[in-house]
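Now for the letters of each chain:
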Amino acid sequence: MRRSTLRTAIAVVTAGLTLTACGGSDSGGSGGDGGSDAATATSADDLGGMDALVKAAQKEGELNVIALPPSWANYGEMLKTFGDKYKIKINSANPDGASQDEIDAVTSQKGQDRAPDVLDVGTSFAKQAAAQKLLASYKVATWDDIPDNQKDADGLWFNDYGGFISIGCNAAIVSTCPTTFGQLLDPQYKGKVALNGDPTQAQAAFSGVWAAALSNGGSLDDIGPGIDFFKKVKDAGNFNPVQVTDATVLSGETPISLDWDYVNAGLTKKLSDQAVKWQVSVPSDGVFGSYYSQAISKFAPHPAAARLWEEFLYSDEGQNIWLKGLSRPVRLDAMQSAGSADAAALKALPQVDASVEFPSDEQQTTAKKVVQDRWNAEMSG
């Protein structure tokens, strides 16, 4: 989310995009051959190369992940492919959890075998975890392909995949699906408009508020109008406080979902198999894009498997799995230049044609504090 400006026509993606556990020690985990070395390794070379890293990870035999719904950005395929490829058991906790839940798990489960090895969080939450000294420094083999403004210089976190805030709509329940934020105030959407989570806890919901701000006179320096807008949606009786999940969408409990385009678009086929037409659009009056970020827990109980996971995610194979999930992997520019990006997956991406700006570090910090201070106070009751 630190990229300053970007113009993109995503019918064919022309640029990489920047926004849901007994004893141990602060030095991290110690599983497998060279586990203590793996806990401090900042690259595969520190362990003797990729073959040595694979051997150490397979010796540990397990990987703990958290807050990775299988339908989110094609994580189902990602998890299965990694597990099958390296014969490593994956323990997936709290798949519908939020970014803050991941950070809380690192701190509350520190020293436990079930603690998270790796994190996938909103960039502002990654920076929070880095400030709390919860993350291990690591640089994957394809580090140089990740733009400098998409990663921490010391390797504490690095952006992975991104998308745009979109409106998903169940056309079997909603007679006229909204395509702009302004339309969400229409009385016909009473009790139908939901966010994916709590904006104080979840990056997707936080970004939904920021997109609403952009559509209502706000800016990257002023997220306040987004909160004002959702207060209007609530006062109109249109806001649905139920957190969006696959189950709530499938049941019709959340017929209008504000979420990432790759999450909403990923539901289209699943719903069509049940004779439900799911329409997805990026609102023209509030185009907001963001990356998520990867990080390794400083206290990972499986430090080698954690590092091998990151190597896999940032390989061409892993990046193309995200691309097939309709998200935009951070190495996309480099892969397009090298001809290694999945052409069919590129063509299938949701279309966006807009001039897009992304918030700076300072803007993110300010916006997060505003939401923390205002959201629950103004949206409760």
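Residues numbered from 1 in each chain as written. Predicted model: local features only at pLDDT ≥ 70, side-chain atom pairs only at ≥ 80, totals over all residues. Heavy atoms only, no water.

Re the overall build of the protein chain
Helix and strand counts for the protein chain stand at 14 helices and 13 strands. Put simply, the protein chain has 381 residues, and 58% of those count as buried. Of the roughly 14400 Å² of accessible surface on the protein chain, 49% is carried by carbon and sulfur atoms. (Helix = DSSP H or I, 4+ residues; strand = E, 2+ residues; numbered from the N terminus. Buried < 20%, exposed > 50% of the residue type's maximum accessible area, 1.4 Å probe, protein only. Areas by Shrake-Rupley, 256 points an atom, 1.4 Å probe, with all protein chains shown as cover.)

As for the pairing of strand 3 (residues 89-93)
Put simply, side chains in a regular strand alternate between the two faces of the sheet. Note that strand 2 (residues 62-66) and strand 3 share 5 bridges and pair parallel. From the neighbouring strand, Val65 faces strand 3, where its bridge partner is Ser92. With helix 3 (residues 75-86) bridging strand 2 and its parallel neighbour strand 3, the resulting β-α-β unit is right-handed. (Pairing = 2+ DSSP bridges. Right-handed = clockwise from strand over helix to strand, strands pointing away.)

Quick word on the side chain of Ser43
Positionally, Ser43 belongs in the loop between helix 1 (35-40) and helix 2 (50-60). Those residues in contact with Ser43 that lie beyond four places of it in its chain are Tyr138 and Lys139. (Contact = heavy atoms within 4.5 Å.)

Observations concerning the pattern of salt bridges
This model, assessed by the stated rule, comprises 13 salt bridges. A salt bridge links Lys85 to Glu317, with the shortest nitrogen-to-oxygen separation between them at 3.3 Å. Here Lys85, found in helix 3, pairs with Glu317, found in helix 11 (residues 316-324); they are 232 residues apart in sequence, far enough to count as distant. Accessibility expressed as a relative area gives 37% for Glu317, which makes it partly exposed. Its salt-bridge partner being Arg374, residue Glu378 comes within 2.6 Å of it at the nearest N-O pair. (Salt bridge = Lys/Arg side-chain N within 4 Å of Asp/Glu carboxyl O.)

Considering the state of the cysteines
One pass over the full model with this rule turns up 1 disulfide. Here Cys169 engages in a disulfide with Cys177; their sulfurs sit 2.1 Å apart. The disulfide joining Cys169 to Cys177 has a torsion of about -75 degrees about its S-S bond and is therefore left-handed. In this pair, the class of Cys169 matches that of Cys177, namely buried. (Disulfide = S-S within 2.5 Å.)

Comments concerning the packing of aromatic side chains
Evaluated as defined, the whole model comprises 23 aromatic pairs. Between Phe158 and Tyr314, the ring centres sit 5.4 Å apart and the planes meet at 70 degrees, which makes this aromatic pair edge-to-face. Here the residue Phe158 occupies a position in strand 6 (residues 158-170), and Tyr314 occupies one in the loop between helix 10 (303-313) and helix 11, the gap between them amounting to 156 residues. In this structure Phe158 comes out as buried when scored by relative accessible area, which is 1%. For Tyr314, a relative accessible area of 0% corresponds to the buried category. Note on Trp210 and Phe288: the rings are 5.3 Å apart at their centroids and 25 degrees apart in plane angle, and the pair reads as stacked. You can see Trp210 sitting in helix 6 (residues 203-214) and its partner Phe288 sitting in the loop between strand 10 (278-281) and strand 11 (289-297), a full 78 residues away along the chain. For the pair formed by Trp210 and Phe288, the shared burial category is buried. One aromatic cluster is present, built from ring pairs that chain together Trp72, Tyr75, Trp143, Phe158, Tyr161, Trp260, Tyr262, Tyr292, Tyr314 and Trp322. Cation over ring: Lys368 sits above Phe125, and NZ or CZ is 4.0 Å from the ring centre. (Phe/Tyr/Trp six-rings, centres within 6.5 Å; stacked < 30°, edge-to-face > 60°. Lys NZ or Arg CZ within 6 Å of the ring centre and 35° of its normal.)

Some words on the confidence of the model for the protein chain
Chain-level pLDDT for the protein chain is 89 on average; 90% of the residues reach the 70-or-more range. Low pLDDT, under 50, characterises residues 1-34; the predicted model gives this stretch 144 contacts beyond four residues in sequence or across chains. (pLDDT = per-residue confidence, 0-100.)

Focus: the side chain of Asp261
Take Asp261: it is sitting in helix 9 (residues 261-272). Exposure remark for Asp261: the relative accessible area of 0% places this residue in the buried category. Those residues in contact with Asp261 that lie beyond four places of it in its chain are Gly163, Phe164, Ser166, Val282, Arg328 and Pro350.

Some thoughts on the nonpolar core
Counting residues in hydrophobic clusters, the biggest one holds 81 residues, and the most contacted among them are Trp72, Phe230, Tyr262, Trp309 and Trp375. Per element, the largest residue contribution to this core is 8 residues, and it comes from helix 6. What Trp309 contacts, discounting residues up to four positions off in sequence, is Leu63, Leu68, Tyr75, Met78, Leu79, Phe82, Val118 and Gln294. (Core = buried A, V, L, I, M, F, W, Y, C linked by side-chain atoms within 4.5 Å.)

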